[in-house]
Amino acid sequence: MKLVFVLSMFVAGCDTSAAEDETCAAMCQELVETCEFAAYPSYESCTQGCAYSRKEGGDMERESACILKAECDEFAVIDCEHAYGPGGTELGGKK
């Protein structure tokens, strides 16, 4: 349940400019197609969330690399979001 909440916060954005972004594309392919996380109803919602996170100050390159390394481990994916998403702990934010 916690994973669904955290990941749904990630996909809440509505900016579609990330659809062509390779970083978001690789991360979303992993999350939607490979891992099949229920928090991502579609590839498009994932790329929108990625664009939103980038707009809000997230380091999407580092987050994507972290998620790919996590190999579908739900807790590791959450840790990636906490570390590199907007306000992330690796970015000097308060989480």
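This text goes with the structure placed above it.
Small disclaimer: the values here were computed from a predicted structure and weren't measured.

A. Spotlight on the packing of helix 4 (residues 60-70) against helix 5 (residues 74-84). As a packed pair, helix 4 and helix 5 sit with axes 9 Å apart at the nearest point and diverge in direction by 165 degrees. When the interaxial angle is binned, helix 4 and helix 5 end up roughly antiparallel. Pair helix 4 / helix 5 crosses with right-handed handedness. Contacts from R62, E63, C66, I67 and A70 of helix 4 reach helix 5 at A76, V77, C80, E81 and Y84. Of the residues in the contact of helix 4 with helix 5, the class split is 7 nonpolar, no polar and 3 charged.

B. Fine view of helix 2 (residues 22-34). Roughly 25 degrees is the biggest bend found in helix 2, and it falls at C28. Taken together, the buried positions of helix 2 are T23, C24, M27, C28, E30, L31 and V32. After helix 2 finishes, the residue E36 shows a positive phi value of roughly 55 degrees.

C. Structural view of helix 4. Along helix 4, the residues classified as buried are M60, E63, S64, I67 and A70. With its buried residues spanning 120 degrees around the axis, helix 4 presents them on a single face. Backbone geometry just after helix 4 places E71 at a positive phi near 50 degrees.

D. Quick peek at the nonpolar core. Ranked by size, the top nonpolar core spans 16 residues in total, and within it M27, L31, F37, Y40, C46, I67 and V77 carry the most contacts. When residues of this core are traced back to their parent elements, those giving at least two are helix 2, helix 3 (43-55), helix 4 and helix 5. Examining the composition of this core, we find that 5 residues originate from one element, helix 2, more than from any other.

E. The arrangement of the state of the cysteines in detail. What the rule picks out here adds up to 4 disulfides. Through a disulfide, C24 is tied to C50; the S-S separation comes to 1.9 Å. Judged by the sign of its S-S torsion, about -75 degrees, the cystine formed by C24 and C50 is left-handed. Of the two residues, C24 is situated in helix 2 and C50 in helix 3; the sequence distance between them amounts to 26 residues. As far as burial versus exposure is concerned, C24 and C50 are alike and both buried. Going through the protein in sequence order and numbering each bonded cysteine, the pairs you get are 1-5, 2-4, 3-7, 6-8.

Conventions and cut-offs
Residues numbered from 1 in each chain as written. Predicted model: local features only at pLDDT ≥ 70, side-chain atom pairs only at ≥ 80, totals over all residues. Heavy atoms only, no water. Axes fitted to C-alpha atoms, helices over the stretch in contact; angles between N-to-C directions. Helix = DSSP H or I, 4+ residues; strand = E, 2+ residues; numbered from the N terminus. Parallel < 35°, antiparallel > 145°, perpendicular 65-115°, else oblique. Left-handed = near helix turned anticlockwise from the far one by under 90°. Contact = heavy atoms within 4.5 Å. Nonpolar A, V, L, I, M, F, W, Y, C, P; charged D, E, K, R; others polar. Bend = angle between axes of the 7 residues up to and from the residue. Buried < 20%, exposed > 50% of the residue type's maximum accessible area, 1.4 Å probe, protein only. Arc of directions from axis to C-beta. Core = buried A, V, L, I, M, F, W, Y, C linked by side-chain atoms within 4.5 Å. Disulfide = S-S within 2.5 Å.

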